[in-house]
Amino acid sequence: MDTQTLDIPLIWPNYFEDCEECINRLKDILAELDGMQSVDIDTANRALLITYDKELVTFEEIQEHARLAGVTLAERYKHEIVQIAGLDCPDCANKLQTAIKRMDGVIWASLSYATLLLVVEFEAKKITLDAIKGRVTDFGYEVQESGPAGPPPAKTIRRRNVRSALTATSGTLLAAGLVIQYLLNYHSLAGWLFISSAITGGFFAARSGMLSVRALTPDTNFLMSAAALGALWLGDFSEAAAVMFLFSLGSTLEAHTVDKTRRSLRSLIEAFPTHATVKRNGHLEELHLNDIEIGDIVIIKPGEKVAVDGIVVDGESAIDEAPITGESIPKTKSLGDTVYAGSINGRGALEVRTTTNVEDNTLSRIVHLVEEAHAQRAPSQRFTERFGRIYTPTVIILAVIVAIAGPLILGGPFSDWMTRALTLLVVSCPCALVISTPVAIVAAIGNAAKSGILIKGGAHLEMLAEVSVVAFDKTGTLTIGKPTITEIIPFNGHDSNEILAIAASVESRSEHPLADAIINKARELDLKEHAIAFFEAFPGKGARAIVDGGVFYLGSRRFIEEIGCCVPQTEAVEHLLAKGNTVIFLAGDDGLWGAIGAMDILKKTSAEAIIRLKASGIHKTVMLTGDTIETARAISAHLGIDEHFAQLLPEDKLEIIHKLASNRDKVAMVGDGINDAPALAAANVGIAMGGAGSHAAIEAADVALMGDDIVMLPYAIILSRRAKKIIRQNVVFALLVVVLLVAGALMKKVTLATGVLGHEGSALLVIANSMRLLKR
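Source: prediction; values computed, not measured. Sequence order sets the numbering: in each chain, residues are counted from 1 along the sequence as written. Where local features are concerned, this predicted model is filtered to residues with pLDDT of at least 70; where side-chain atom pairs are given and counted, the filter is 80 or more; whole-chain, interface and lining totals use all residues. To get the side-chain values, take all heavy atoms of the structure and skip hydrogens and water.

## Overview of the overall build of the protein
Note the following rule: For the purposes of this entry, the term helix denotes a DSSP run of H or I that reaches at least four residues, the term strand denotes a run of E that reaches at least two, and both are numbered from the N terminus. Three exposure classes are used, based on accessible area relative to the maximum for each residue type with a 1.4 Å probe and protein chains only: buried under 20%, partly exposed in between, and exposed over 50%. Throughout, a contact is declared for two residues whenever any of their heavy atoms are within 4.5 Å. Exposure was quantified through the Shrake-Rupley algorithm and a 1.4 Å probe, taking into account, for residues, occlusion by the shown protein chains and nothing else.
When helices and strands are tallied, the protein shows 27 helices and 30 strands. Dimensions along the principal axes, computed over C-alpha positions, put the protein at roughly 115 × 65 × 60 Å. With 776 residues in all, the protein has 55% of them scored as buried. Considering only contacts within the protein whose residues lie at least 6 apart along the sequence, 68% involve residues at least 24 apart. With an accessible surface of roughly 33,300 Å², the protein has 57% of that area assigned to carbon and sulfur atoms.

Below you can see the structure in the form of structure tokens.
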């Protein structure tokens, strides 16, 4: 566990000083973060003292959650993401990461070989970002200022081309040497060809190896170079050539295949246009996104990608939001509707008023969170890295012992024992094991992001795979989140449309929760609007109004009965109540007119999602709601949800999540990310809905479904379980290869060349296995 303790000045509103509840809320929000070990707040000095696991939570996440609680953390510490170019092996990434962590002022650093992203947190007064970038270049690598989507630096491209050419030359010289030695029997010429092959194939490995020794972090490049030099010293020129050629070839192929995985992030960024057409002062201008301001009117032409988050002010078109939400069916957008950057316009033209800057729009937030996710180590990744840190020096020490003690104790030629020792050096870096987890996680997170699912790190991906219980908030998660008129029951010969028109007139002056539903339904049916001469509200009961000269009463059964109107117990009304409807009644001076049923209807995909969840191996589904018991029972029965809890406050939901988790089950909580924040934080995995439209929803949860329904949740769980299965396969295979190579080297069953082949081949197989997670 890599922990960090920080003492951070706080900036908060004046009312915080005397608000103990506000202070406690801040502590609770931070304490619920994964990896947070302790939280203390010094109110007198306005300071936050925290201890946290840097592999599970970043300072930026802590900063954002504090902001959601109304508090700003002072800018003492900075969080930056740097794109690296030129890394050619996982060992090189670990070497550079270690060197940056050792810099004075650096709090934490994580460099992923799978993405080439360096995430670093540092104390701004002690060190600058330029100094950190300088450390990168000291090690012979480049900083890619253009970001993940941009082209790599010219130096990187040139080095990649030179390395490919040298690898091809090394292979050609090795093949020529073998032909001359074994077919033409010219041993002297063959020897020079082998030496030339070793030099050309080992140029970059030797260079990187020397840099790693200078940094006191010997890596695979150094060990391979040492093994080749040893073979040359022993006169085994062909082995030296084979070692360097196979290592160079393996590294080149490895870099190429891993680059395919990196494209999962790059494809997200490439979905983003760089320029847009803006209407300013009656003129159209083509502007870079960085120059577009909030409030600017952006023209979205047919077939174009939407460049900004904004609200439609003119036009109508079908928008494909699949790149953002994963939803395959285009949505019709017109006046007043929200559009998201990165979605694709259909055949119509739109004018959109910009609502965010480019760095804060939906696609930018997604890319940023995916980058952050890659920096968080999963438990399995931390295990393989710890194993590598122990295994490599152990095998190197064993190689030294074999070289020195072997001939002295067991006898035999020194050259035989030296060859065994050199072979141990070749197999001492478990590259396949080190890369077995991160490449799989990058592939899975990239796949999920392209499907409208944001998984905020490998730890959350692995935990999602273990979930057996899923709890849902009802409103806005399983239902659409607003009441809809479902049925109108006329009484005493009155007409349904007449009842709805009178009710809409009464509700036009009301603030009742069902008012909008009744008014919208009347407008949908294009019903006549009636004149109102008088209106009086009875809070919690209903309302009275004079409509077209007649007195009408609209409200609950009890309210209608209180005015002396009899409400019969009809089967139709009871049926509405049994289905979870809220029923209100309309009465006039001449008696009861009718009953109106309204309910927050289910989303079309909710039932399908529950079925798929159970098919994916979820043992139990639970619904949590503040609604009535009747409504909860009706919805649970309709969807096939196993258990329901009704009339809950947020703290009640939190208590139920704790109880569900106490049975050793791993619990996922699905909610809107705001009202359900305590329950989301308490669950093993918090899953927020509708992340495309809510910054808070993304920040509050471990997983965010960018669409506004749960249809992609089963896919996320299936993908996470597939990822965990592939990671397990990779780890077991890599460990098996390690055992076989070490045993083979000690028993002289593995030569230097076959050791390199096993080393590089196993890494390539692990990468290829991980890349299966890129398939949707």
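## Side note on the pairing of strand β10 (residues 283-288)
Keep this limit in mind: Pairing between strands requires that DSSP locate at least two bridges from one strand to the other.
Summarising the sheet, strand β9 (residues 275-280) and β10 pair through six bridges and their orientation is antiparallel. Across the sheet, the residue bridging to T277 is E286, located in β10. Adjacent in sequence and paired antiparallel, β9 and β10 are bridged by two residues, among which N281 carries a positive phi angle near 55°.

## Here we look at a positive patch on the surface
The condition that has to hold: Here a patch means residues that are over 30% exposed by relative accessible area and free of salt bridges, tied together within 9 Å if like-charged and within 5 Å if nonpolar (Val, Leu, Ile, Met, Phe, Trp, Tyr). Counted as salt bridges are all cases of a side-chain nitrogen of Lys or Arg within 4 Å of a carboxyl oxygen of Asp or Glu. When charges are counted, neither His nor the chain ends are considered; positive counts come from Lys and Arg and negative counts from Asp and Glu. In plain terms, the charge of a residue is placed at NZ if it is Lys, CZ if Arg, CG if Asp and CD if Glu.
Where like charges cluster on the molecular surface, the positive patch consists of R722, K725, R772 and K775. Among the secondary structure elements, K725 is positioned in helix α26 (residues 713-746).

## Some thoughts on empty space enclosed by the protein
Stated formally: Here a cavity means grid points, on a 1 Å grid over the protein atoms only, where a 1.4 Å probe fits yet cannot get out; a pocket means an open set of points with protein on both sides within 12 Å along at least five of seven lines; lining residues are those with an atom within 4 Å of a point. Grid points are joined across faces, edges and corners, and a volume is the space filled by probe spheres set on the points.
Scanning the entire structure with this criterion turns up seven cavities of 30 Å³ or more. As a volume, the second largest cavity reaches approximately 80 Å³. Lining the second largest cavity are 13 residues, with P430, V737, V738, L741 and S762 positioned closest to its centre. Elements supplying a minimum of two residues to the lining of the second largest cavity: α13 (431-435), α26 and α27 (752-770). Considering every element that reaches the lining of the second largest cavity, the biggest residue donor is α26, with four residues.

## Section: the sheet that holds strand β17 (residues 350-354)
Hydrogen bonding along the main chain pairs the strands of a sheet, whether they run parallel or antiparallel. One open sheet accounts for six strands, arranged β10-β9-β11-β17-β12-β15; its pairing is antiparallel. Each edge of the open sheet is held by one strand with a lone partner, namely β10 and β15 (338-339).

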